[in-house]
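Close look at the chain arrangement
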Amino acid sequence: MNILKFINKSIRSKLIFGISLSMLPFLIIFFLLLNHLNIMDRIKARNEKHLNELRLIAEARAALPLEVMKFDHYIISNNTSELDRFKQSLKRGASTIDKLVATRTFNRKETALIVAIHKEWRRANAAGKDIKNFTPRQEAARKENTFDKNIINILPKLTQVNDSIWSELTADFNEAHNVSSVIINYMIIAFIVELLIILALLIISGGSIVQPLKNLTAKIERLGAGDMSARIAIGNYDEIGVLAQKYNEVAKKLEDTYTEIKAEEERFRSIADTAVDAIIISEEDEKIIFWNLAAERLFGYSIAEALGRPLSIIIPESYRQTHTNAFKRYLRTGEKHVIGKLIQ
């Protein structure tokens, strides 16, 4: 109820309410966008994490087959330099696996696979470290077989981890796409709601501002046309309501004044019509506007014949120019020669 009083208080309050109401959808969208931007930031952070995990998995998947190849080269060639290369490759593989184990961003399923990979690697690494320059060829081949089996067990697990990460990336992409779709839908809804609010405000303003102004204009035109009874119904006591109230007061005063003037005119007319003396009234242009019955009897012109004609019709021909000059002088200077005097 207090809100309605505030809105109806003034046009300014209506404008403030209208602007506030039109801004409401955008404020809601603003806070929703902030929330969705936070979601997008989290998705971005997860994507960066997943990309780092994929990089580590790719390094491991690329390094481990090379170690198998280097081990095979040593067994085939029985060359010490090939054994040294294999040992160096074994260290790089160990470093790669240690990075995987040290990474704490994998999910529970991926972490379990990483633990299994680490166990397989420790067995493969132990078999690789046992190879010495003086290891018999048959023993080296047996350890190579163990090493190869462990590496072969690791590779599918790496593939499973890789697939799991890609599944998470795909899920994040879908979530980001859904968030973008939601934002677009919010913008469309906000635009539609804003249009509806603007339309409603136009309708309301038409009823509370434009229409009262039209009514006020129509009443003023009626007043100008002589209809003193035209009044405006006051709905709200805003600026237009106050203006309508002042109009009603002025129209009432004009109507009262007009009624008094009409009453005085009727009294004057009744007195003039019963007077024995001729009473004639003219305007500044000498057009006769009043002609009583005594003037009708005295000059022979009926009231209908005299009204609107020049005052000179009652002036003898020989005096008309003199009368005209004197009348103009009086209007110009206020100087009178015969006014108030009896002329025979």
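Throughout what follows, the structure given in this document is the object of discussion. All of these numbers come straight from a predicted model, not from anything done at the bench.

Per the counting criterion, the structure on display carries 3 aromatic pairs. With centroids separated by 5.1 Å and ring planes inclined at 50 degrees, the aromatic side chains of phenylalanine 268 and phenylalanine 290 adopt a geometry described as tilted. Taken together, the residues span a long stretch of sequence, with phenylalanine 268 in helix H6 (residues 239-274) and phenylalanine 290 in strand E2 (residues 288-291) at a distance of 22 residues. Looking at phenylalanine 268, the relative accessible area reads 35%, which means it is partly exposed. Aromatic pair tryptophan 291 and tyrosine 301: ring centres 6.3 Å apart, planes at 80 degrees, arrangement edge-to-face. Here the residue tryptophan 291 occupies a position in strand E2, and tyrosine 301 occupies one in the loop between helix H7 (293-299) and helix H8 (303-306), the gap between them amounting to 10 residues. By relative accessible area, which is 24% here, tyrosine 301 ends up partly exposed.

As a further point, take the nonpolar core. One finds Leu100, Trp121, Leu158 and Val161 to be the most contacted residues of the largest nonpolar core, which totals 24 residues. Of all the secondary structure elements, the ones that give two or more residues to this core are helix H2 (11-77), helix H3 (80-102), helix H4 (108-129) and helix H5 (137-224). The element that contributes the greatest number of residues to this core is H5, accounting for 7 residues. When near neighbours in sequence (up to four residues on either side) are disregarded, leucine 158 contacts Ile57, Ala60, Arg61, Leu64, Leu100 and Ile117. Leu216, Met228, Ala230 and Ala251 belong to the second largest nonpolar core, which has 8 residues in total.

Cut-offs used in this document
- Residues numbered from 1 in each chain as written.
- Predicted model: local features only at pLDDT ≥ 70, side-chain atom pairs only at ≥ 80, totals over all residues.
- Heavy atoms only, no water.
- Phe/Tyr/Trp six-rings, centres within 6.5 Å; stacked < 30°, edge-to-face > 60°.
- Helix = DSSP H or I, 4+ residues; strand = E, 2+ residues; numbered from the N terminus.
- Buried < 20%, exposed > 50% of the residue type's maximum accessible area, 1.4 Å probe, protein only.
- Core = buried A, V, L, I, M, F, W, Y, C linked by side-chain atoms within 4.5 Å.
- Contact = heavy atoms within 4.5 Å.

Bear in mind that shape data such as this cannot, by itself, settle questions of function.
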